[in-house]
Amino acid sequence: MKKFQLLFIFLLSFATTASAQKIGVVDTDYILGKLPQYKEAEARLNEQITNWQNEIQTLQTDFEKKRTTLENEKVLLIGDQLKLRQKEVDDLDKRIKAMINNRFGSMGEINNARSNLTKPFQDLIWGAIKTVSEKNTLGIVLDKSNNISVIFLDKRYDYTDKVLDLLLKNSATKKVDKAENNKRNVLNDRAEKMRSLKGQENQSLESKARQTK
């Protein structure tokens, strides 16, 4: 009910402009999850996260073994021997904690990596939303995934699929262009090699002719 009241107040604040402008709604999270390039990038990031987790787990296992061994042998160690072994265990513990914080903390590598991952795609989505908005003369566009609860939405006001179709179409066009460029590059390389071989062959024939004379 509280969300409904907030939504009502939000829409009411746009009542004056809404009467003269069309309102559209999109779901950017849904769009993001449907982009093949984003899925591939996210899969690579998840693979990196798994590798980090495995690395930390290996160190954690090593730490537990060293700590257990130290506890069992502590009575046999004296002086510098005990200090050295204790320092080794403590240093490993600090290393593990620092690694966890650096990679998984609030300011860690994962958060930075996710921000860097989503930023280019968010820019693409914004560009597509702008294009769809201009084409459909939308004055206001709401994002369902951006903490705005939509209780009811007529399908004709949901432009999510239109934005997604535009992005996928552009992506497909880029892939075709890239494939054509690659094909042209291959053909050019082959032509260059043929010219080079032909040139070498001509030089060889000229050399043989001179020798015959």
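Here's what I pulled together on the structure shown here. (Residues numbered from 1 in each chain as written. Predicted model: local features only at pLDDT ≥ 70, side-chain atom pairs only at ≥ 80, totals over all residues. Heavy atoms only, no water.)

What to know about the overall build of the protein chain
At step 1: Of regular secondary structure, the protein chain possesses seven helices and two strands.
At step 2: Taken from the N to the C terminus, the helices and strands of the protein chain come in the order α-α-β-α-α-α-α-β-α.
At step 3: Across the 213 residues in the protein chain, those meeting the buried criterion constitute 23%.
At step 4: A separation of at least 24 residues holds for 80% of the contacts in the protein chain among residues at least 6 apart in sequence.
At step 5: Accessible surface for the protein chain amounts to roughly 15900 Å². Of this, 54% is attributable to carbon and sulfur atoms. (Helix = DSSP H or I, 4+ residues; strand = E, 2+ residues; numbered from the N terminus. Buried < 20%, exposed > 50% of the residue type's maximum accessible area, 1.4 Å probe, protein only. Contact = heavy atoms within 4.5 Å. Areas by Shrake-Rupley, 256 points an atom, 1.4 Å probe, with all protein chains shown as cover.)

Digging into the pattern of salt bridges
At step 1: Inspection of every chain in the model, using the stated rule, returns ten salt bridges.
At step 2: Its salt-bridge partner being Glu73, residue Arg85 comes within 3.0 Å of it at the nearest N-O pair. One end of the pair, Arg85, is in helix 5 (residues 79-104); the other, Glu73, is in helix 4 (residues 36-73), and twelve residues separate them in sequence. (Salt bridge = Lys/Arg side-chain N within 4 Å of Asp/Glu carboxyl O.)

A few points about unusual backbone geometry
Residues apart from glycine generally show negative phi values, whereas peptide bonds are mostly found in trans.
At step 1: A positive phi is found at Thr137, a non-glycine position, where the angle reads about 50°.
At step 2: Here Thr137 is to be found in the loop between helix 6 (109-135) and strand 2 (138-143).
At step 3: Looking at Thr137, the relative accessible area reads 55%, which means it is exposed.

Some details on the packing of helix 4 against helix 5
At step 1: Where helix 4 meets helix 5, the closest approach of the two axes is 10 Å, and the angle between their N-to-C directions is 160°. When the axes of helix 4 and helix 5 are compared, the pair comes out roughly antiparallel. Seen along the crossing, helix 4 lies across helix 5 with a hand that is left-handed.
At step 2: Split by residue class, the contact of helix 4 with helix 5 holds 13 nonpolar, four polar and ten charged. (Axes fitted to C-alpha atoms, helices over the stretch in contact; angles between N-to-C directions. Parallel < 35°, antiparallel > 145°, perpendicular 65-115°, else oblique. Left-handed = near helix turned anticlockwise from the far one by under 90°. Nonpolar A, V, L, I, M, F, W, Y, C, P; charged D, E, K, R; others polar.)

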